Amino acid sequence: MKRRKFIRNTFLGTAASLIGTDIVFSSSMPKNYTPIVLQDPDPYKLFNKDKGMTVLNDKPWNIEAKAHLLDDKITPNKYMFIRNNGIIPKNIDVANWELTIDGESVSAPKTYKLQELKSKFKNYTYQLTLECGGNGRSEFNPPAKGNQWTVGAVSCAEWTGVRLKDVLEDVGIKDDAVYIGYHAADTHLSGDPEKEPISRGVPMNKALQEETLLAFKMNGEDIPLAHGYPLRLVAGGWPASASGKWVERISVRDKVHDGTKMKAPAYRVPCKPVAPGEKVKDEDMCIIESMPVKSLITYPKSGAMIDEGKTLNIRGHAWAGELQVESMQYSIDFGATWYPCKLEKPLNRLAWQHFSASIEFPKKGYYEIWGKATGANGVSQPMLLPGWNPKGYLNNACHRIAIKVK
Ligand SMILES: Nc1nc2c(c(=O)[nH]1)N[C@H]1C(S)=C(S)[C@@H](COP(=O)(O)O)O[C@H]1N2
Ligand SMILES: [Mo]
């Protein structure tokens, strides 16, 4: 048998077994054609995600959770949202993975093998909240372009790695350092190797925080590929776009990093409030730093029914970017009156905090439970939408669920 024909027959055999039956007219199928049934990869299998997750986009992959799926104290991979700006790297050669620290503000560039990085520096584990800056975008009007995230682009996993601070100290940083910027192994949707899908960063004070990690484990295991395997920057409490996945290089800059998606209007909001739909000049847009105070009711699922006279125990999580959440309240009368929830302390700085409350309803009928968190600076979540902004960032409105008492 000729080699080409052999390959084709093998392909047809494999295809038939994947489809579960023969391709009847396979002899008329064009060469190099992939049958439709095999064209659509199953994202749930591909990324080990729960079937309840919502796929918002497949080019690139963007997948979000629903509120009730985020009920775990530590988010497992199957419920963790995926936000990609480009194409996930293929064929990662972990044995030869390297991280280079360069830029105007290093004494001299230095490269570490992944193994060396893991063993040379002390390892730390933190629970870190990562929320996409665009989480909640779908509620804004006029609508903003981009993935229409509802409430599920947030996670709090346990990340293990070395402190970026320790690595930067080992390299030697000049006094004029202002910002760090990451460069990663994912590729631009255009396929152009010169273009980066995203290259963002954080100011030095955030880069040097104890909790800012170069992580190689998530929830005690290798980081799943979609979340940055084998090495990821994790800067909890800031828009998750600052937490570069598949990191190969970190540049220490003597100015605000100017990589892809650092420039206005990406990941920026108007420096001063604007009217809905207003055009905002690039120079009037400010970089998002700490994420605002927010919370999510993760139990029960919206639409739950309860018998009259029964007590409903609700629970969820609250977070406030760089700050601790000071208090958590709920309302069953559309925000007219508020009652306190029990609120736990965070396990470490930048981890989300768990809350719970027991609710009794006065009579049968339809109710909404609204949850409102307040940060250590006394600032609470807005009940409905916060200020409109052109890119639809930072919607930290109270989470609301529907309940029927029967
Ligand atoms: N290299 C790289 N890092 C990245 C991104 C990306 O597209 N490429 N997306 C960023 C954005 S916008 C977000 S919200 C988070 C999402 O992290 P997750 O997919 O692990 O939930 O990763 C950030 N890091
Ligand atoms: Mo994001």
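Definitions and limits used
- Residues numbered from 1 in each chain as written.
- Chains lettered and ligands numbered in written order.
- Predicted model: local features only at pLDDT ≥ 70, side-chain atom pairs only at ≥ 80, totals over all residues.
- Heavy atoms only, no water.
- UniProt positions renumbered as here; feature names shortened; annotations may be inferred.
- Helix = DSSP H or I, 4+ residues; strand = E, 2+ residues; numbered from the N terminus.
- Buried < 20%, exposed > 50% of the residue type's maximum accessible area, 1.4 Å probe, protein only.
- Pairing = 2+ DSSP bridges.
- Polar contact = N/O pair within 3.5 Å; in protein donor to acceptor, adjacent residues only side chain to side chain.
- Core = buried A, V, L, I, M, F, W, Y, C linked by side-chain atoms within 4.5 Å.
- Domains from an automatic or database assignment.
- Contact = heavy atoms within 4.5 Å.
- Phe/Tyr/Trp six-rings, centres within 6.5 Å; stacked < 30°, edge-to-face > 60°.
- Lys NZ or Arg CZ within 6 Å of the ring centre and 35° of its normal.

- An unreviewed UniProt entry lists the chain under the name Sulfite oxidase, from Flavivirga spongiicola.
- What UniProt states about the chain under its Cofactor (unreviewed entry) heading is, verbatim, "Mo-molybdopterin".

1. Re the UniProt feature "domain: Oxidoreductase molybdopterin-binding" (unreviewed entry) in the chain
Stage number 1. When the UniProt feature table is mapped to this numbering, "domain: Oxidoreductase molybdopterin-binding" (unreviewed entry) covers residues 87-259.
Stage number 2. Summarising residues 87-259: 11% helix, 32% strand, and an end-to-end C-alpha distance of 18 Å.

2. Side note on the pairing of strand 24 (residues 399-405)
Stage number 1. The element strand 24 is extensively covered by neighbouring structure, given that five of its seven residues are classed as buried.
Stage number 2. Both strand 17 (residues 304-306) and strand 24 contribute to a ladder of three bridges, which runs parallel. In the strand pairing of strand 24, Ala304 is matched with Ile403.
Stage number 3. When strand 23 (residues 365-375) meets strand 24, the two strands line up antiparallel, connected through seven bridges. Paired with Gly365 across the two strands is Val405, which belongs to strand 24.

3. Comments concerning the side chain of Thr374
Stage number 1. Mapped onto the fold, Thr374 is located in strand 23.
Stage number 2. Of the polar contacts made by the side chain of Thr374, one reaches the side chain of Ser380; its length is 2.8 Å.

4. A word on the nonpolar core
As a rule of thumb, nonpolar side chains are buried together in soluble globular proteins.
Stage number 1. Formed by 58 residues in total, the largest nonpolar core has its most connected members in Ile101, Ile180, Leu214 and Ile250.
Stage number 2. Tallying contributions element by element places helix 5 (residues 164-171) first for this core, with four residues.
Stage number 3. A domain split of this core shows at least three residues from each of domain 2 (61-287) and domain 3 (294-405).
Stage number 4. Discounting chain neighbours no more than four positions away, the residues touching Leu214 are Leu99, Gly161, Val162, Leu164, Val167, Leu231, Arg232, Leu233 and Ile250.
Stage number 5. Judged by nonpolar contacts, the second largest core, of 22 residues, contains Ala320, Val325, Ile369 and Ile401.

5. Details of the UniProt feature "domain: Moybdenum cofactor oxidoreductase dimerisation" (unreviewed entry) in the chain
Stage number 1. Residues annotated in UniProt with the feature "domain: Moybdenum cofactor oxidoreductase dimerisation" (unreviewed entry) correspond here to residues 287-405.
Stage number 2. Helix makes up 0% of residues 287-405 and strand 45%. Its end C-alpha atoms lie 45 Å apart.

6. Some remarks on the packing of aromatic side chains
Stage number 1. Summed over the entire model, instances satisfying the criterion amount to nine aromatic pairs.
Stage number 2. Taken together, a centroid distance of 6.0 Å and an interplanar angle of 80° make the contact between Phe81 and Trp149 edge-to-face. One end of the pair, Phe81, is in the loop between strand 2 (61-64) and strand 3 (82-83); the other, Trp149, is in the loop between strand 6 (123-131) and strand 7 (154-163), and 68 residues separate them in sequence.
Stage number 3. Phe81 gets classed as buried once you look at its relative accessible area, which sits at 7%.
Stage number 4. The class of Trp149 is buried, set by a relative accessible area of 0%.
Stage number 5. Here the basic side chain of Lys372 rests over the ring of Trp338, its NZ or CZ set 4.3 Å away from the ring centre.
Stage number 6. The ring of Trp370 has Arg400 lying over it, and the distance from NZ or CZ to the ring centre is 6.0 Å.

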